[in-house]
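What the coordinates show
Given next are the chains, with one letter for each unit.
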Amino acid sequence: MSLSPSIGLSAFASRTMSTLLSTLLSTLLAVAAFAAPAASGPAPLRLPEPAMAARKGPAQGQVTVVEPHLSRPGQPVQVRYRGWPARTFLDHWLGKGWDQGWEKGEGELEFRALDGFVSRIPLERFRRHQAWIVIARADGQPFQVDHHAQGETQVPLGPYYLVWDNLAEPALQAEGGAVWPYQVASVRRTPSSRAALLPGGMAQRYAAQAQALQTHCLSCHQVNGYGGDKMPINLARRAREIDAARWRQWLLQPAQLKPGTTMPPLSEGLPEPEREALAQQLHDYLKALTLQP
């Protein structure tokens, strides 16, 4: 069946307008991401367009991972991506020496996404585990995921996506996708979060809880001004506003309390008793922090 010229032109115009609006939205999100407040330190490196990075950067490779955004407990889904080992990529674009001081616990890498998601990852983690910065699926399928934990489908992963080579590391698989930032547009080295998350003498008792909070919560939320910009509520204040039982519900089953929320459940890869214990420990730690205005 053929379409009349007027209908064909209308469809063409509709598609063109949709493309233009999508491009404009991406540009505005990028501008907002770079204009957002950030921790002290050097200015963020605006990453080049992936096509330019492929032309002018080091040779690419491929890595197969258990994709946490597609996997469910007991149902791992493997995906093969194309990109660069993170160290190779960062040596080229940030310059060698970006991880200097890692053995002393100094410094983090801040990956900032287009939507305000901020992932600050200790430098030491890049020494313990193999990370990759990828720009496409190796099988040619669209560079996107259905993010079941957040109830979202066909979520774009570009321009850049940080993944971890977790096939042989069950502990990394149990973490889920908390430190797998996608739609990454900039990266920079920042000071350690230790002073913000473990003031005074808190490190001796709460170091593990502070690290868990940073891994699972502070890419979107904040503690006394430190954290992400996607949903920047102060968790130190929120922990004082709700009791421990409701806090555990929010962390373990957020969709039951608020249908349609994009907040993912806490570390679904862990056994349920461990998840419950972690949620309680985070509540105790946040209430022990001094609340700042």
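Here the structure is a predicted model, which is why all the values come from computation and not from measurement. (Residues numbered from 1 in each chain as written. Predicted model: local features only at pLDDT ≥ 70, side-chain atom pairs only at ≥ 80, totals over all residues. Heavy atoms only, no water.)

Taken together, four strands build an open sheet; the order of strands is S1-S10-S4-S5 and the sheet is antiparallel. Where the open sheet ends on each side, the last strands, each with one partner, are strand S1 (45-46) and strand S5 (118-122). (Pairing = 2+ DSSP bridges. Helix = DSSP H or I, 4+ residues; strand = E, 2+ residues; numbered from the N terminus.)

The next subject is helix H3 (residues 86-93). Because each turn of an α-helix spans 3.6 residues, side chains separated by three or four positions in sequence point in the same direction. All of the buried residues along H3 are Ala86, Phe89 and Leu90. In an axial view of H3, the angular spread of the buried residues amounts to 90°, which keeps them on one side of the axis. Once H3 ends, the next one or two residues include Gly95, with phi positive near 100°. (Buried < 20%, exposed > 50% of the residue type's maximum accessible area, 1.4 Å probe, protein only. Arc of directions from axis to C-beta.)

What follows deals with the environment of Leu278. As for its position among the elements, Leu278 is in helix H11 (residues 272-288). Considered as a pair, Leu278 and Leu252 are 26 residues apart in the sequence and their alpha carbons are 9.9 Å apart. Those residues within four positions of Leu278 in sequence are excluded, and the remaining contacts are Ala212, His216, Leu266 and Leu270. (Contact = heavy atoms within 4.5 Å.)

This part covers the pattern of salt bridges. Considering all chains together, one arrives at 10 salt bridges under this definition. Between Glu110 and Arg112 there is a salt bridge, and its shortest N-O distance comes to 3.7 Å. Overall, Glu110 belongs to the buried group, its relative accessible area being 1%. Taking relative accessible area as the criterion, Arg112 reaches 3% and is therefore assigned buried. Several salt bridges share partner residues, and in doing so they unite Glu110, Arg112, Arg120 and Arg188 into one network. (Salt bridge = Lys/Arg side-chain N within 4 Å of Asp/Glu carboxyl O.)

Checked against the element boundaries, His69 lands in the loop between strand S2 (61-66) and strand S3 (78-85). The exposure class of His69 is buried, given its relative accessible area of 4%. A distance of 2.8 Å separates the side chain of His69 from the side chain of Glu67, its partner in a polar contact. Once residues lying within four places of it in the same chain are set aside, the contact partners of His69 are Val145, Asp146, His147, His148, Tyr161, Gly177, Trp180 and Tyr182. (Polar contact = N/O pair within 3.5 Å; in protein donor to acceptor, adjacent residues only side chain to side chain.)

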